[in-house]
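Structural characterization, general
The residues making up each chain are set out below.
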Amino acid sequence: LAPWLPEHEPISTIAGKHLRIIHGTKDSWTSAALSRDYVERSQDIAASATWTSLPGGGHFMFRQSSAWKQFVTDSVTEIVAVGAIHGQDAREDHA
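Remember, predicted model here, so these are calculated numbers, not experimental data.

The next point concerns the overall build of the protein chain. When helices and strands are tallied, the protein chain shows 2 helices and 2 strands. Secondary structure elements of the protein chain occur, N-terminal to C-terminal, as β-α-β-α. Relative to its 95 residues, the protein chain shows a buried fraction of 32%. Partitioning the intrachain contacts of the protein chain with sequence separation of at least 6 by distance along the chain shows that 69% fall at a separation of at least 24.

Structure follows, in structure tokens:
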């Protein structure tokens, strides 16, 4: 959620994991463009990787808390469902 991902942040820790990033378009604390770049670079090694734009959203989650909460709920639901389809235990590490 609006992560700080410096340019060229290593992606090796994402290998085999599901990655979900949402970033506000008006975030002036961390870079939405660098978050998106991180997701794009992770595509080939992650189990899945998505970047979602939150139009008008800034850095602080409480300003659009319902949108952030829905993103988390949808992301977890999707990851658990994909795991169930592929016979993975939901308790496995999918950080």
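Let's shift gears to the nonpolar core. By size, the foremost hydrophobic cluster in this structure holds 9 residues: Leu5, Ile11, Ile14, Leu19, Ile21, Tyr38, Val39, Ala46 and Ala49. The set of elements that each furnish at least two residues to this core consists of strand E1 (18–24) and helix H1 (32–42). What isoleucine 14 contacts, discounting residues up to four positions off in sequence, is Leu19, Tyr38, Ser42, Ile45 and Ala46.

Parameters at a glance
Residues numbered from 1 in each chain as written. Predicted model: local features only at pLDDT ≥ 70, side-chain atom pairs only at ≥ 80, totals over all residues. Heavy atoms only, no water. Helix = DSSP H or I, 4+ residues; strand = E, 2+ residues; numbered from the N terminus. Buried < 20%, exposed > 50% of the residue type's maximum accessible area, 1.4 Å probe, protein only. Contact = heavy atoms within 4.5 Å. Core = buried A, V, L, I, M, F, W, Y, C linked by side-chain atoms within 4.5 Å.

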